[in-house]
Amino acid sequence: MKVLKFGGTSVANSENILKVLNIVLETSQDQKLLVVVSAMGKTTDALINAANLATQKKKDYEKILASLQEHHFETIKELIPIKEQSRVISYVKQLFNQLETIYEGCYLLQELTPKTLAKITSFGELLSSFIIAEAAKKKMNASYKDSRELIVASDDYNNALVNFSSTNKNCKDFFENHQATVTILPGFVARTIEGKTTTLGRGGSDYSAAIYAAALDAKELQIWTDVSGMFTANPKIVKQAFEIPHISYQEAMELSHFGASVIYPPTIQPVLQKEIPILIKNTFQPEDKGTLITKETSQNKPVKGISHIDNIALLTLEGIGMVGIPGFSKRFFEALSLHKVNVILITQASSELSICLAINESDAKKAKEVVDEVFAYEIQLKKVKPVLIEGEMSIIALVGDNMKSHQGLSGKMFSSLGKNNVNIRAIAQGASEKNISAVIEKSDTKKALNTLHERFFEERIKQLNLFVTGVGNVGERFLAQLQQQKDYLRKNLKLNLRVIGISNSRTMNFNEEGIQLEEWKEVLQKGEKASLDGFLEKAKTINLRNSVFVDNTANEKVSQMYESYLKHNIAVVTCNKIACASSIENYRTLKSVSRKYNAPFLFETNVGAGLPIIDTLKNLIASGDRVHKIQAVLSGSLNFVFNNFNDQVTFHDIVSKAQEEGYTEPDPKIDLSGVDVARKILILARESGYELSLEDIHNNSFLPKDSLETKDNESFYSSLEKNEPHFQNIYKEANDKNCRLKYVAEFSEGKANVGLQHINPSHPFYNLEGSDNIVLFYTDRYPQQPLIIKGAGAGAEVTASGIFADVIRIGNV
């Protein structure tokens, strides 16, 4: 014999019930079955809602009752042959008449006792089981049995305790001579010794099925629901979650206790002692294997699942008067127990200064009032503080029988959460080490679950979630490179890069599942109005693990947002030099905040585009080397300009060409004025350990005063045309000396300067072609022959690749 239980979704309507009957028919071919059914989907909630309305003298309960009746009648008409319908409808109508009479009593008396509520909620299962049994009789050898005639329980009407002695005897006596192949019974309901209707509480139908399975020594208990078993995490929150094929009773109870709603924890108790297997199956995908629950499993993975409970409050009792005084804990827990406040998690400091409990948030107010009253004397004497309540919390839990055999699991759990700025408020772990639980803020639940699932279950593939602002030359190429390398990164570097948010100066758009990169332009066009604060708030609200803000702009206001991102554990990758070249106080703040919140702040492309200049410098400093002198050509745009400028072309045309090819900033005056180069040498000096400001950099600009004072690109280009003789004279002076013009940045003995220089043929800078950059580091280890880094230092493609490299660096942390 097997016992099958079908949940509310499985029997919600006639279409689903037909699926149920097909499953029952197929399973019953070679064995007897007991089939326990829940109320039709959402019926119980509707019954309770109507009861509350009636008690409040609101006639709206009549509409709910009429709607329920109509749905049940419609189901009968779709399942039962026409000639049998009147009999079935007549019986169901009698039940609804009884229900209506009870509601009328609630309406008149404005009272809803536990006994009455139990009577009302019992109708859901009584109705569904009768209708399903009548439909089953047309397909198989089936009969109906009211569970109230078999299961005996206490008069705690909405959470009754089962009298197993009487119940087991009733079941054995009835089924010993029962001939039907399939017996259909209502779950959830039972009767008291006096014959009154009582109910088994939340998850009662699962419990009913387990009671029958244990009483009759069933071969297997099958729980049919709308998911294909128990999952490694809630698949609605963790998209990568997958079914657990085999799990132990203890693991299933732990997961269920901490929110895995597939099975109700007490369900396991009746079958546990008799070691009856439980199989979780999907009514809508019966071919799926589901999850098998037995005493032991052969799978040795230390962590079997991650579960969570939302809407938790932390309740803390604290005070020096608790230390060494027996009885405090007893009084604390006794007060809560007497007022039916369920304690979910307990933790106590070894100093005995405090006890911290996790309870349902709905009980928080009552719990505080009760405990403060019990300890009123101690509070008055200031031996203990009034109870502190902290709401908006969740509990997350790692579960697995073999966790105790694997060292370091707690460390891995907490370090993974810490890296993503998930603050842990309380921790609990039993001596059996089958469960490690932590209380966190509810807003961090999704991030925490995904972080832990990635750490313990996924193929070491780290997911980075990018929020990209700026989709011009550099940004567009960056997104193209992401799309091109996506498969390579996943296969070879075990990185999954997703763009979650995207913005330009006009619009922004977001997709928590990741924006399709081949469609990003269309997605952005359909977005909402862009704002810097709005983009930050959305990134904070989405609150994904391993979040990275990518700034592809040269906008000062964007750079002023970095600190806010870092404070929310969102890494920053930027090609925007303004932040790192701002005041020394702001530079130090960004570095400090990055360390404090464990959020990387990377800006390799601030100097040399994609060249590994800053990374190399950081490694020199970290390994103990000291920088004494830096010589560099740091402007790819200026190098391009002076490599192509001669007496055959105008300076205006060469600058215009440089901008067209993406070598200059949107405002070319930033490059040609030397400000951009000054920022770069300042950043290198700061990264070398020197505290300089932009004002400390001496800038020998070659631009005429009127060019420097222009307000827009049009007037700037006009000034270049006007001053062509000035630029030709600069070229002639260098050419007459057989020199080339290079805009050189120098740092030595704590001082820095930038300016145009004549470079002779013997100098390393002389043969620097195109838009290349070159940097010479003179250090303790490289005193005479400098460390040289040389290569393409400008252009959207190489700048995008440098940003891409910084993102990968974060992924490899």
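Scroll up to find the structure this text is about.
Student: How would you summarise the overall build of the chain if you had to cite specific residues and measurements?
Tutor: Of the regular secondary structure elements, the chain holds 29 helices and 29 strands. Relative to a compact globule of 813 residues, whose C-alpha radius of gyration would be 28 Å, the chain shows 36 Å and is clearly more extended. Overall, the C-alpha framework of the chain stretches about 115 × 70 × 55 Å when taken along its three principal axes. The buried share among the 813 residues of the chain stands at 54%. Considering only contacts within the chain whose residues lie at least 6 apart along the sequence, 72% involve residues at least 24 apart. Working note: accessible area of the chain is about 36,100 Å², and carbon and sulfur atoms make up 48% of it. In the chain, the 93 positive side-chain charges and the 96 negative ones have mean positions that sit 4 Å from each other.

Student: Please give an account of the packing of helix α3 (residues 60-79) against helix α4 (residues 82-109) that cites residues and values.
Tutor: For the pair α3 and α4, interaxial distance at closest approach is 11 Å and the crossing angle is 165°. In terms of axis orientation, α3 runs roughly antiparallel to α4. Seen along the crossing, α3 lies across α4 with a hand that is right-handed. For the pair α3 and α4, the contacting residues are Tyr61, Leu65, Leu68, Gln69, His72, Phe73, Ile76 and Lys77 in the first and Gln85, Val88, Ile89, Val92, Lys93, Phe96, Leu99, Glu100, Tyr103, Glu104 and Tyr107 in the second. Tallied by class, residues from the contact of α3 with α4 come to twelve nonpolar, three polar and four charged.

Student: How would you summarise the pairing of strand β4 (residues 182-186) if you had to cite specific residues and measurements?
Tutor: By the criterion of burial, β4 is predominantly enclosed, with five of the five residues buried. The alternating pattern of β4 places Val182, Ile184 and Pro186 and Thr183 and Leu185 on opposite faces, both of which are buried. In this sheet, β4 lies alongside strand β3 (residues 142-144) in parallel orientation, the contact comprising three bridges. Paired with Ala142 across the strands is Val182, a residue of β4.

Student: Kindly report on the sheet that holds strand β10 (residues 291-294), identifying the contributing residues and their values.
Tutor: As a general point, the strands of a sheet are linked pairwise by backbone hydrogen bonds and lie either parallel or antiparallel. Reading across the sheet, the eight strands line up as β3-β4-β2-β1-β7-β9-β10-β8 and stay open at both edges, with mixed pairing between neighbours. Two strands close off the open sheet at either side, each with one partner strand: β3 and β8 (246-248). Neighbour-to-neighbour, the strand axes of the sheet open up by a mean angle of 20°, direction not taken into account.

Student: Pulling in residues and values, what's your account of helix α7 (residues 204-215)?
Tutor: Between the first and last C-alpha of α7 there are 16 Å, a value that for twelve residues agrees with the 16 Å anticipated at 1.5 Å per step. Where burial is concerned, most of α7 is hidden: twelve out of the twelve residues are buried. Taken as a whole, α7 has its buried residues at Gly204, Ser205, Asp206, Tyr207, Ser208, Ala209, Ala210, Ile211, Tyr212, Ala213, Ala214 and Ala215. One or two positions beyond α7, positive phi appears at Asp217, with a value near 50°.

Student: Tell me about the nonpolar core, and please be specific about residues and values.
Tutor: With 76 residues, the main nonpolar core has Tyr565, Ile630, Leu634, Phe651, Ile681, Leu684 and Phe702 as its most contacted residues. Broken down by element, the residue count for this core peaks at seven residues, all from helix α25 (residues 675-687). Once residues lying within four places of it in the same chain are set aside, the contact partners of Phe651 are Val641, Phe642, Phe645, Leu672, Phe702, Leu720, Glu724 and Phe727. Membership of the second largest hydrophobic core comes to 49 residues, among which are Leu4, Ile64, Phe73 and Trp224.

Student: Explain the environment of Ile759 to me, using residue names and the numbers behind them.
Tutor: With respect to the element layout, Ile759 can be found in strand β27 (residues 751-759). Ile759 gets classed as buried once you look at its relative accessible area, which sits at 3%. For Ile759 and Tyr743, which are 16 residues apart along the polypeptide, the C-alpha to C-alpha distance reads 9.6 Å. Residues contacting Ile759, with those up to four places away along its chain left out, are Cys739, Arg740, Lys742, Val744, Phe765 and Tyr766.

Conventions and cut-offs
- Residues numbered from 1 in each chain as written.
- Predicted model: local features only at pLDDT ≥ 70, side-chain atom pairs only at ≥ 80, totals over all residues.
- Heavy atoms only, no water.
- Helix = DSSP H or I, 4+ residues; strand = E, 2+ residues; numbered from the N terminus.
- Rg over C-alpha atoms; globule rule 2.2 N^0.38 Å.
- Buried < 20%, exposed > 50% of the residue type's maximum accessible area, 1.4 Å probe, protein only.
- Contact = heavy atoms within 4.5 Å.
- Areas by Shrake-Rupley, 256 points an atom, 1.4 Å probe, with all protein chains shown as cover.
- Lys, Arg positive; Asp, Glu negative; His and termini not counted.
- Charge placed at Lys NZ, Arg CZ, Asp CG, Glu CD.
- Axes fitted to C-alpha atoms, helices over the stretch in contact; angles between N-to-C directions.
- Parallel < 35°, antiparallel > 145°, perpendicular 65-115°, else oblique.
- Left-handed = near helix turned anticlockwise from the far one by under 90°.
- Nonpolar A, V, L, I, M, F, W, Y, C, P; charged D, E, K, R; others polar.
- Pairing = 2+ DSSP bridges.
- Expected span 1.5 Å × (residues − 1).
- Core = buried A, V, L, I, M, F, W, Y, C linked by side-chain atoms within 4.5 Å.

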